[in-house]
Amino acid sequence: MTTPPPQGNPFAQGQQQPQGQNPFAQGQPSFPQQAGQPGFPPQGAPVPPEQPRRKIGFKTIKNIVIVVVVAGVAIGGFIASRDDANTATVGDCMHRGNTSDDDPDLEVVDCNSSDAQYEVLAKIDGSFLSETLASSKCEAEAKDFQYVYTQSGDGKDFLLCLKDYKK
């Protein structure tokens, strides 16, 4: 049995190379790898993971849906209120959207429409707490009125003096 050859350069003729060194770099000083040089991560340091892509989360989707719903309600309310009683002027025709006397839901309609039920004879700004006061104001403004409609609490209080619309 033969013994294994010695470690290192067999052609070095008696020179023993320290372990871990380059046997072909004889006589040249070695430079350690510099951390931070482009393309060379620091030795022993873990490579940082790739930045994760930003995902749209449930909270973001929920917030977008809430904004869209609130905007839809605001726009719908504006469109629905454009033909409410507070936009009525003298000569407009009105339609009663509800049979309740407490909330008749008067809406402005075209006088040529089959929905036209009442004609506005007068519109008086102010607060009218009793029907007697409202009736006396309508008598002073429009002699042939038949109905009074008061609205308050929406920031603009007013009184409408109405009569049946005859086509």
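The structure we're discussing is the one just above.
The structure contained in this document is the topic of the report that follows. (Residues numbered from 1 in each chain as written. Predicted model: local features only at pLDDT ≥ 70, side-chain atom pairs only at ≥ 80, totals over all residues. Heavy atoms only, no water.)

Our focus in this paragraph is the pairing of strand 1 (residues 93-96). Note: strand 1 against strand 2 (residues 106-109), 4 bridges, orientation antiparallel. Counterpart to Cys 93 in the pairing with strand 2 is Val 109. (Pairing = 2+ DSSP bridges. Helix = DSSP H or I, 4+ residues; strand = E, 2+ residues; numbered from the N terminus.)

Once that is clear, we can look at the packing of aromatic side chains. What the rule picks out here adds up to 2 aromatic pairs. A ring pair is formed by Tyr 118 and Tyr 147, whose centres lie 5.3 Å apart and whose planes are at 75°; its orientation type is edge-to-face. Of the two residues, Tyr 118 sits in strand 3 (residues 118-125) while Tyr 147 sits in strand 4 (residues 147-151), which places them 29 residues apart along the sequence. Since its relative accessible area comes to 34%, Tyr 147 is described here as partly exposed. Ring geometry for Tyr 149 against Phe 158: centres 6.5 Å apart, planes inclined by 50°, an arrangement best described as tilted. Of the two residues, Tyr 149 and Phe 158, neither departs from the other in class, the shared state being buried. The positively charged end of Lys 123 is found above the aromatic ring belonging to Phe 158, 4.7 Å away from the centroid. (Phe/Tyr/Trp six-rings, centres within 6.5 Å; stacked < 30°, edge-to-face > 60°. Buried < 20%, exposed > 50% of the residue type's maximum accessible area, 1.4 Å probe, protein only. Lys NZ or Arg CZ within 6 Å of the ring centre and 35° of its normal.)

This brings us to a nonpolar patch on the surface. Together, Ile 56, Ile 61, Val 65, Val 69 and Val 73 line one region of the surface with nonpolar side chains, adding up to about 490 Å² of accessible area. With respect to the helices and strands, the residue Val 69 is situated in helix 1 (residues 58-81). (Patch = residues over 30% accessible without salt bridge, like charges linked within 9 Å, V, L, I, M, F, W, Y side chains within 5 Å. Areas by Shrake-Rupley, 256 points an atom, 1.4 Å probe, with all protein chains shown as cover. Salt bridge = Lys/Arg side-chain N within 4 Å of Asp/Glu carboxyl O.)

Another point: the environment of Asp 164. With respect to the helices and strands, Asp 164 occurs in strand 5 (residues 158-164). Using a relative accessible area of 27% as the deciding quantity, one classes Asp 164 as partly exposed. Contacts of Asp 164, omitting those with residues within four sequence positions, involve Gln 117, Tyr 118, Gln 146 and Tyr 147. Only 3.2 Å separates the side chain of Asp 164 from the side chain of Tyr 147, close enough to count as a polar contact. (Contact = heavy atoms within 4.5 Å. Polar contact = N/O pair within 3.5 Å; in protein donor to acceptor, adjacent residues only side chain to side chain.)

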